Number of protein chains: 2
Amino acid sequence: MSQDLVIAVDAMGGDHAPDVVVKGLALAAVRHPQVHFHLYGDEARVGPLLNEHPALAPACTLTHTAEAVSSEDKPSQAVRNGRKSSLWLAIDAVKQGQAAGVVSAGNTGAFMAMAKLILRTLPGIDRPAIATVLPTLRGESVVLDLGANAECNANNLVDFAIMGEVFARTVLALERPTVGLMNIGSEAGKGTDAERDAAARLSDSTLPISFHGFVEGDDLAKGTVDVVVTDGFTGNVMLKTLEGTARLYTQFLRQAYSSSLLAKLGYLMSRPALEKVKARTDPRRYNGAMLLGLTGVAVKSHGGTDALGFANAVCVAIDLVSQGFNETIKGEFGKVEMPLAAPAAAP
Amino acid sequence: MSQDLVIAVDAMGGDHAPDVVVKGLALAAVRHPQVHFHLYGDEARVGPLLNEHPALAPACTLTHTAEAVSSEDKPSQAVRNGRKSSLWLAIDAVKQGQAAGVVSAGNTGAFMAMAKLILRTLPGIDRPAIATVLPTLRGESVVLDLGANAECNANNLVDFAIMGEVFARTVLALERPTVGLMNIGSEAGKGTDAERDAAARLSDSTLPISFHGFVEGDDLAKGTVDVVVTDGFTGNVMLKTLEGTARLYTQFLRQAYSSSLLAKLGYLMSRPALEKVKARTDPRRYNGAMLLGLTGVAVKSHGGTDALGFANAVCVAIDLVSQGFNETIKGEFGKVEMPLAAPAAAP
């Protein structure tokens, strides 16, 4: 096999699979012509789609499976019964060394359960974290954990900080990314034990991390730091609140613009400028949640996304592989002193 | 003393005190001409301001104190050294029965520490919660806890649910308010023990609560439920994320509108319609975080608010008193069965 980068793809995951998957791959292939894609899914449905994309087809191999995890399946069910599903096979391809990363738009719980089971965490990491890049006033920040771990101890938070910092350095190409720990106030005594302990360890100057200190919920959008670290419960609520607020504003604006003829005309005149805002905050540009900390790259696309969104998720996976994220993480955790692995209270 | 409603006011708390305080009271007095205000603060500064508001002055009494809690004071310092401060005296007035509620725009930590110490919680309630009303796609929802308690057990969450429901019924005048518990998924197994236990108890049909079940971060803006319950850490991050996202959108829009002559013209034409959106999401309309669960009404205004915002906080306090919130709470917790007070794991 050539040394080209290979990405395994769950062709049957997501609301509009396999159509959106194949179309998304076609877009990603334009940006990354050297990448190979190993697709797993129903030959009868995926085959014809590949034929419609002659520029993409040579970069793809397709392994047939009639089974797929459905969106209603519980993670435990999927793990027990889905060993021949497109999702399982795609993740397993990474385990077997046939692909460097896997992308799916399918059942999130199943994706995470299978990925953790098959791929396992890298040495020194206890729990993987879901991370994503979000737009801010200053540009972009990476945020984790967004839901993999409902409860975290100080060790987990420190691991997430290291992983987030490595991501910002390797993939976002920031020289000295700043890291902030989400809390409910900037004063030292605030928050829970886990936050305080993690902050104390991160402030330790032997770590190669530019630790800013505590940040609050509004610091995310401000772009106060490049990496925002929090436990999975808080992160998930934070992310969904952000999405909900964005939708609220979009809805209010839509109502305002359609409320009178004058407003409609005003909208038409402002439209080119407003389209730029829309592009800057377009969720499809940020589609692709990364499960960081596993022995292989695993990226989860929103289930309902379109081809452009799926292509973005694929490109996120490609970037993680090509920028050597996992190799750098292994190096960082190899260097890290024992005190970081000090026992902490169980979550 | 007459049976009129009396509100104690910390005249020296906040970035623009006492000016904004007095101007805000003047606005509130227009809406509530029967309310009396007991102000605490520096006579030399507050007196002349009252003279400038002859319609307000007769409704006010002013007790002089030269001391005030500063915005830098740690809560423990303030409690130890601030027994003659305007903030302490105002809260103590409620304890002494001289006022039914207290409003301050000052140091939040000091406000909460003093209020909890002086006023104590109502029978059956272990911890008070900070609550506020927020705009949603459907109208308004009340959200708590927004930061009083970094960690909560199931008992606390159930208490918050009851308090939130009573608020929605008595002050928001909703007949059968729905209550949702913030979580990271709607499935029963999600989240932490505290969430799962609280949900189990709230689902118990002997409680007079219309429990919807779990909600996620984006349900807040959607207005899926009338009352959103969460622990203080999550709530605080949620609220600040919401505020930060709103500011991000406002900033992006401002940049878009000033980016070209055409966009500027478009903005002018849409402005009347956009002003309606601005009004609907104006933070001053929602200014006034309520500390629910204490033996007296206590409302905290944002420190940097203007007269309109402060007036809103005052009106929130007046509504809580006039709608009999605390009396209704006492009744609800009196009715509630012992199982609700079952010992839960310490947070």
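Residues numbered from 1 in each chain as written. Chains lettered and ligands numbered in written order. Predicted model: local features only at pLDDT ≥ 70, side-chain atom pairs only at ≥ 80, totals over all residues. Heavy atoms only, no water.

### Some thoughts on the pattern of salt bridges
One pass over the full model with this rule turns up 18 salt bridges over all chains. The residue arginine 169 of chain A makes a salt bridge to glutamate 332 of chain A at a minimum N-O spacing of 3.4 Å. Pair noted here: arginine 169 of chain A is in helix H6 (residues 154-170) and glutamate 332 of chain A is in helix H12 (residues 325-335), with a separation of 163 residues, a long-range link. Under the relative-accessibility criterion, glutamate 332 of chain A is labelled buried at 8%. Ionic pairing is found between glutamate 216 of chain A and lysine 240 of chain B, a salt bridge with its closest N-O pair at 3.0 Å. Remark: lysine 240 of chain B occurs in helix H9 (residues 232-257) and glutamate 216 of chain A occurs in the loop between strand S8 (210-215) and helix H8 (217-222); the pair is interchain, linking two chains. A single burial state applies to glutamate 216 of chain A and to lysine 240 of chain B, both of which are buried. A single salt-bridge network, built from bridges that share partners, covers Glu165, Arg169 and Glu332 of chain A. (Salt bridge = Lys/Arg side-chain N within 4 Å of Asp/Glu carboxyl O. Helix = DSSP H or I, 4+ residues; strand = E, 2+ residues; numbered from the N terminus. Buried < 20%, exposed > 50% of the residue type's maximum accessible area, 1.4 Å probe, protein only.)

### Thoughts on the packing of helix H1 (residues 19-31) of chain B against helix H11 (residues 307-322) of chain B
Residue and element names in this part refer to chain B. Close contact between H1 and H11 brings their axes to 7 Å; oriented N to C, the two are set at 55°. One element, H1, and the other, H11, form an angle in the oblique class. Considering how the two elements wind past one another, H1 and H11 form a crossing that is right-handed. Of the residues in H11, those touching H1 at Val20, Val21, Lys23, Gly24, Leu25, Leu27, Ala28 and Arg31 are Ala307, Leu308, Phe310, Ala311, Val314 and Cys315. Here the residues of the contact of H1 with H11 are counted per class, giving eleven nonpolar, one polar and two charged. (Axes fitted to C-alpha atoms, helices over the stretch in contact; angles between N-to-C directions. Parallel < 35°, antiparallel > 145°, perpendicular 65-115°, else oblique. Left-handed = near helix turned anticlockwise from the far one by under 90°. Contact = heavy atoms within 4.5 Å. Nonpolar A, V, L, I, M, F, W, Y, C, P; charged D, E, K, R; others polar.)

### Looking at the domain arrangement of chain A
All names here are of chain A. According to the domain assignment, chain A contains domain 1 (1-125 + 293-339) and domain 2 (131-283). Relative to domain 2, the C-alpha centre of domain 1 lies at a distance of 25 Å. With 16 residues of domain 1 at the contact, the number on the domain 2 side is 14 residues. Of the roughly 1200 Å² buried at the junction of domain 1 and domain 2 (both faces included), carbon and sulfur atoms supply 72%. It is Phe325, Glu332 and Phe333 in domain 1 that bury the most area against domain 2; as a group they hold 32% of the surface buried on that side. Along the contact surface separating domain 1 from domain 2 lie one salt bridge. At the level of secondary structure, the elements contributing two or more residues to the side of domain 1 that touches domain 2 comprise helix H5 (108-119), helix H11 (307-322) and H12. Here the side of domain 1 that touches domain 2 is built from residues that sort into eight nonpolar, five polar and three charged. (Domains from an automatic or database assignment. Buried area = accessible area lost by both parts, 1.4 Å probe.)

### A short note on the environment of valine 237 of chain B
With respect to the secondary-structure elements, valine 237 of chain B resides in helix H9. In this structure the C-alpha to C-alpha distance between valine 237 of chain B and leucine 146 of chain B, which are 91 residues apart in sequence, comes to 8.1 Å. Apart from the residues lying within four places of it in its own chain, the contact partners of valine 237 of chain B are Met182, Asn183, Ile184, Gly217, Thr234 and Met238 of chain A.

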